[in-house]
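Residue-level structure breakdown
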Amino acid sequence: MSDGQRDAAALVIPCLKTDQATANERLRYVLSSEEQLHIIQSGVMNLIPLEDMKKKLERNKPLNIKLGVDPTSPDLHIGHAVPLRKLRQFQDLGHNVTLIIGDGTALIGDPSGRDTTRPQLTREKIEENARTYMDQAMKILDPDKTTVRHNSEWIFDLDMAGLLGLLSNFTVARILERDDFSKRYHNQLPIALHEFIYPVMQAYDSVMIEADVELGGNDQLFNLLAGRELMEKKGMEPQVCLTLPLLEGTDGVKKMSKSYGNYIGLTDEPAQQFGKVMSIPDELMPKYFRLATQLPVSEVDQIEADYKAGKLDPNQLKRRLGREIVAAYYDEQAACEAEAAFDRQFKEHQVPEDIETFEVELVEDPENGGVYLPKLLADVKLASSNGEGRRLIDGGGVKVDGEAVPAKTYHVPADKLRGAVLQVGKRKFARLA
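Not measured: the values here are computed from a predicted model. (Residues numbered from 1 in each chain as written. Predicted model: local features only at pLDDT ≥ 70, side-chain atom pairs only at ≥ 80, totals over all residues. Heavy atoms only, no water.)

Summed over all chains, the structure comprises 2 aromatic pairs. Plain terms: the ring middles of Phe181 and Phe196 are 5.2 Å apart, the flat faces sit at 55° to each other, and that makes the pair tilted. Within this pair, whereas Phe181 is found in helix H10 (residues 179-186), its partner Phe196 is found in helix H11 (residues 193-196), the two being separated by 15 residues in sequence. Pair check on accessibility: Phe181 and Phe196 agree, each one buried. Their ring planes at 65° and their centres at 5.5 Å tell us that Phe274 and Phe342 sit as a pair that is edge-to-face. Here the residue Phe274 occupies a position in helix H14 (residues 270-277), and Phe342 occupies one in helix H18 (residues 332-347), the gap between them amounting to 68 residues. The class for Phe274 is buried, based on a relative accessible area of 0%. Under the relative-accessibility criterion, Phe342 is labelled buried at 13%. Between Lys233 and the ring centre of Phe170, over which it is positioned, the NZ or CZ distance is 5.4 Å. The residue whose ring lies beneath Lys254 is Tyr260, and the NZ or CZ to ring-centre distance is 4.7 Å. (Phe/Tyr/Trp six-rings, centres within 6.5 Å; stacked < 30°, edge-to-face > 60°. Helix = DSSP H or I, 4+ residues; strand = E, 2+ residues; numbered from the N terminus. Buried < 20%, exposed > 50% of the residue type's maximum accessible area, 1.4 Å probe, protein only. Lys NZ or Arg CZ within 6 Å of the ring centre and 35° of its normal.)

Here is the structure:
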């Protein structure tokens, strides 16, 4: 049972027997429009216009909810999953969800938040990324209740007359209102012409599927409003624009990103996910509970209130957060095992059971009388280069069989390394064969 289902559990109308229909087919009739709106607004930054959202919900009919994603990366993290979780809430409330794979728009490249033109991907790479994206997205969405469309279906069918007609709905001045374009223009940074048509193409997606609501990150607000504008010009009822915040990474400062190394991947092993959650700053926990777990909104509201009132132990709350996130992508047993592995490693100072073993040739340097440890760290993937290996050693972050390697100690006798466990920081291990 997921978010909307649990929120409605105490409100089920007696005549609706649980064995006659699934919960998410009934929730629209169980929850009032005000109750639905409370769930929908949870964690949201913008809902524009709010009055239109209320009117759509009051009709008591399934709405068409849209999320467009450009498959520019094959691997997702829980920051990417934030809009997917909001989509799942809409599904559980009985609404129709359309996930648009932007295999057409990805050829342009989304300029949102960019100060340079995004490199263009090949169609082959886009298709490869899309397959991986779908596998991961369906860990969150209900596959049986998700409509998947590729916007190449209609974008590639546009001829020159159709494209010109579509572009005529927007002016250059209107497009330059977009914050990132405006900054690049005033800073005399290049803007390629094809980037100008990106928001128009995304808006066209909304027209083609007749969206009632479109979701996106807060950096997508301009694109979402462009969809609303184009629908109005086409004589259609315009969509409501819903934006969600960017999720900070485990460092608590920068947005979650693989390039910053502060991400929790959807395909990370359970112990990795749990350990990374345990490293986030305490003040981020309420946001993570709201944006990254399956807990019902009512329960998250209570957690947030109790945490702010000082009623909850931060360590125990973070452990629960770790279990909730692991269970969301695996199951409750995996979550418990991940917590136990964390305790073995950090409370009992035991080496994890599932570390990778490397067969390496331990060649001693005749001049220095030992194996060059920085290169060995790079060979077993604990450092990205010899230089990083030296920096890790000098920073006191390297251990051999639990014993810290002193700074500037770059050569270690081969006998000490055979069969040893190398450790970098708190979470990175490698066993030598």
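Text resumes after the structure shown.
Right, let's talk about the pairing of strand E5 (residues 213-217) for a bit. For E5, the tally of buried residues reaches 5 of 5 residues, placing the bulk of the element in the interior. As defined by bridge partners, strand E2 (residues 64-69) adjoins E5 across 3 bridges and the pair is classed as parallel. Note that in E5 the partner of Ile65 across the bridge is Val213. Inspection of the sheet shows E5 paired to strand E6 (residues 240-244) by 5 bridges, in the parallel sense. In the strand pairing of E6, Val213 is matched with Val240. (Pairing = 2+ DSSP bridges.)

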